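Each chain is listed here by its residues.
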Amino acid sequence: MHRPEDEPTPTIRSRRHLRTTAITIALGVVMFTVGAIGLSPSGSSTPDAASSDSRSAGPARGIEALRERVKRLPKDPVSWADLGMALVQQARTTADQATYTQAETALRRSLALEPVENLHAEIGMGALAAARHQFRDSLAWARKAVATSPATPAAYGVLADAHTQLGQYKEAEDAVQKMADLHPDSSSLARASYTFELRGDTSQAKTVMERALRAAGTPGERAFAHTHLSSLALEGGDPAAALRQAQAGLAIAPRDAGLLEARAKAHAAARDLELAVADYTAAIATAPLPQYLLGLGELQQSLGHQDRADAQYAVLRAQEALRRATGTPADADAIYFQADHGDPRQAVTMAEEAVQERPFLAIHDAYAWALHRAGRDTEALDQADQALALGTRSALFLFHRGAIHQALGNTTAARRDLSQALALDPSFHPLHAPEARDALRRIDDTP
């Protein structure tokens, strides 16, 4: 019987030069890092961890089973590490900071019981650090895990994720290749897909993500693959395919926030706007993450419902106050929000701090947009070029650079970028896509 695992391991290094048409930048790093792709440090699916994934039927039951296990085996470092890993995943999907604290307590209990070469806890701490956007710490833990067990695929997954978010793309590709060579399962294949996506090769990204779907051994893995196949379809200009992929995932995990967002975007692209609002609202009820709040707020604003948009923006402002109080680096969505709906100068400060800790493509783009909105377009162009340095074909990134070129009077470059953005995805943003069309009309009408 043919199995996906029997197919040749995808070769990442030889494809670096390829450029095609679209990219999903906002692929959550911890979706990969934590075994939300359902992996234990040994590289196999663990029943407890998999069942604790928010995409499966009973996340709370899975964590309770792990809590019962540590009660029965209080001196077992692996049990404590598994509990910590499951709690990291729950915190990522619910945006509950207190759960991260519980995860750290469990992981450090594991390390106290086995301080040296504790593979499970080292991978868990790497995942926790990534979830908190402490990517240098995540890299250090990943290196410890690789040193502890050089043949464990999941250790290279944490390593790849940290390198990616630190802008170390060559090192990330090498880690993904090693992971895939060791075990071409759903987790390594998903990372390989993302690597092709970052380089602009969305055809290969889709092929490898479909293979990840076939290799999926848990509901969480299948839901994850459907989420990103939906994003690839949407950014390839096929909202009907995006909707089919999101629906297939939601049949497996009806309350999954990422899938609800994917379906909301597909509905919005098809102009089924009431359905899009309903899905965004459901996603926020599950996990009030900034990307969902901003997505719903800007959709409501585009519909002329400013009071409903403001309700979402108020929550984002409260979240920003909490972020500042805790000293956590800002994510791209928080910077975009501040640039477009708050104080652009504050957005620049946020971006300056964020890019020092996380020089990833999306942060460079957010920095570019903040600088543009603050009237610093020469500096903004440098950041926009860095965001597109891998040859990515993100409609949002291209719109941002096009607007910067237009502000600098570079109408030829502005027309190129704005046209490419709309060609990639005519509905890439509820507010900015219409702005891109208006900008092109103004350029074309200029004598």
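In this report, the structure presented in the accompanying data block is examined. Computed from a prediction, not measured in an experiment: that's the story for all the values here.

What counts, and where the lines are drawn
Residues numbered from 1 in each chain as written. Predicted model: local features only at pLDDT ≥ 70, side-chain atom pairs only at ≥ 80, totals over all residues. Heavy atoms only, no water. Helix = DSSP H or I, 4+ residues; strand = E, 2+ residues; numbered from the N terminus. Buried < 20%, exposed > 50% of the residue type's maximum accessible area, 1.4 Å probe, protein only. Contact = heavy atoms within 4.5 Å. Axes fitted to C-alpha atoms, helices over the stretch in contact; angles between N-to-C directions. Parallel < 35°, antiparallel > 145°, perpendicular 65-115°, else oblique. Left-handed = near helix turned anticlockwise from the far one by under 90°. Nonpolar A, V, L, I, M, F, W, Y, C, P; charged D, E, K, R; others polar.

Turning to the overall build of the protein, a few remarks are in order. A count of helices and strands for the protein gives 24 helices and zero strands. The proportion of buried residues among the 447 residues of the protein is 58%. For the protein, the proportion of contacts with a sequence separation of at least 24, taken over those separated by at least 6, is 60%.

Before going further, it helps to spend a moment on the packing of helix α19 (residues 344-357) against helix α20 (residues 361-373). Between two packed helices, what matters for the description is the angle formed by their axes and the separation of those axes. With their axes 8 Å apart at the nearest point, α19 and α20 run at an angle of 155 degrees to one another. As judged from the angle between their axes, α19 and α20 are roughly antiparallel. Here α19 runs over α20; the crossing is left-handed. Of the residues in α20, those touching α19 at Pro344, Ala347, Val348, Ala351, Glu352, Ala354 and Val355 are Ile363, His364, Tyr367, Ala370, Leu371 and Arg373. Taken together, the residues that form the contact of α19 with α20 break down as ten nonpolar, one polar and two charged.

Locating Ser427 in the fold gives a position in the loop between α23 (411-424) and α24 (432-445). When residues no more than four places from it in sequence are discounted, the contact partners of Ser427 are Ala269 and Ala433.

So, about unusual backbone geometry. Although it is not a glycine, His133 adopts a positive phi angle of roughly 65 degrees. On the secondary structure map, His133 appears in the loop between α6 (119-131) and α7 (135-148). Positive phi outside glycine occurs at Arg271, with the angle close to 65 degrees. Among the secondary structure elements, Arg271 is positioned in the loop between α14 (257-269) and α15 (273-286).

Moving on: the side chain of Ser230. The residue Ser230 is located in helix α12 (residues 219-235) in this model. On the basis of relative accessible area, Ser230 is assigned to the buried category, the value being 1%. Not counting the four nearest positions on each side in its chain, Ser230 is found in contact with Ala242, Gln245, Ala246 and Ala262.

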